[in-house]
Amino acid sequence: MGAMHNLFTLLTLLSLITSVTHACFLTAKWNLYVISNIEDDIVAHIKSGDDDLGNHTIPFNGNYNWSFCDRIDGRTLFYGYFWWGSKFTSLALFDDELRGPCALNKESGQHCYWLVRPGGFYVSAFNRTFANNYWTFKKHWDG
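We now turn to the structure provided with this report. For clarity, every value in this text was computed on a predicted model and none was experimentally measured.

## Digging into the sheet that holds strand β2 (residues 42-48)
Piece 1. As summarised here, the arrangement of the four strands in space is β3-β2-β5-β6, forming an open sheet in which the pairing is antiparallel. Since the sheet does not close on itself, it has two edges, and those belong to β3 (52-58) and β6 (87-94), each with one partner. If you compare each strand with its neighbour and ignore which way they point, the axes differ by 20° on average.
Piece 2. Taken together, the six bridges between β2 and β3 define a ladder with antiparallel strand orientation. Within β3, the residue paired with A44 across the bridge is H56.

## Some words on the pattern of salt bridges
Piece 1. Counted according to the given criterion, the structure contains four salt bridges.
Piece 2. The residue K139 makes a salt bridge to D142 at a minimum N-O spacing of 3.8 Å.
Piece 3. Classification of K139 as partly exposed rests on a relative accessible area of 24%.
Piece 4. Put simply, D70, D96 and R99 are held in one network by salt bridges that share partners.

## Observations concerning the environment of D51
Piece 1. Note on placement: D51 falls in the loop between β2 and β3.
Piece 2. For D51, a relative accessible area of 41% gives the class partly exposed.
Piece 3. Taking the C-alpha atoms as reference points, D51 and F78, 27 residues apart in sequence, are found 8.7 Å from one another.

## Some points on the packing of aromatic side chains
Piece 1. Here the structure, examined in full by the defined rule, presents 14 aromatic pairs.
Piece 2. Consider the rings of F68 and F78, whose centres lie 4.6 Å apart with planes at 40°: the pair is tilted. Separated by ten residues along the polypeptide, F68 in strand β4 (residues 63-69) and F78 in strand β5 (residues 78-84) bring together distant segments of the chain. We note that F68, like F78, is buried.
Piece 3. For the pair W83 and F88, a centre-to-centre distance of 5.2 Å together with 50° between the ring planes defines the contact as tilted.
Piece 4. Its relative accessible area of 29% is what places F88 among the partly exposed residues.

Cut-offs used in this document
All residue numbers refer to position in the chain's written sequence, counted from 1. Totals for whole chains, interfaces and linings use every residue, but because this is a predicted model, local features are given only for residues with pLDDT of at least 70 and side-chain atom pairs only at 80 or more, for both listing and counting. The basis for the side-chain values is all heavy atoms of the structure; hydrogens and waters are excluded. In this analysis, strands are considered paired if DSSP registers two or more bridges between them. Secondary structure follows DSSP: runs of H or I at least 4 residues long count as helices, runs of E at least 2 residues long count as strands, and numbering of each begins at the N terminus. Each axis is a line fitted through C-alpha atoms, and for a helix only the stretch in contact is used; angles between axes span 0 to 180 degrees, taken between their N-to-C directions. What counts as a salt bridge is simple: a side-chain nitrogen of Lys or Arg found within 4 Å of a carboxyl oxygen of Asp or Glu. Type-normalised accessible area, obtained with a 1.4 Å probe on protein chains alone, sets the label of each residue: buried when under 20%, exposed when over 50%, and partly exposed for intermediate values. Centres within 6.5 Å make a pair out of two Phe, Tyr or Trp rings, where for Trp the six-membered ring is used; the pair is then stacked when the planes are under 30 degrees apart, edge-to-face when over 60, and tilted otherwise.

Structure follows, in structure tokens:
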């Protein structure tokens, strides 16, 4: 009974520390950014299987960002739906495939940057001025 009580106490303390520091227990904390390089406002609806972050209007050179803890099984998925005037597209913003390209910048934490341009959507581990050697094209706008 004493060992079970100690285990419960340890798990409770770890949970409290994690919630107070906003740290992730056993997994990486990720910070995702969607940056608009479109001169008009765009609307983004971001969601995962667990969280619906809602609609967000992103102005020219503005961004929407959020943080999350990766799942222990590595199957975290965030999806985005984007509107720009009459154009629409949807794409995965974070999944197992994107974890690799976004995990390149380990010295400043786990960050994944999305740049939305008139020509489409680009991803990078670095928030740098648009240049093809830092940004990887992922998808065109539909319609």
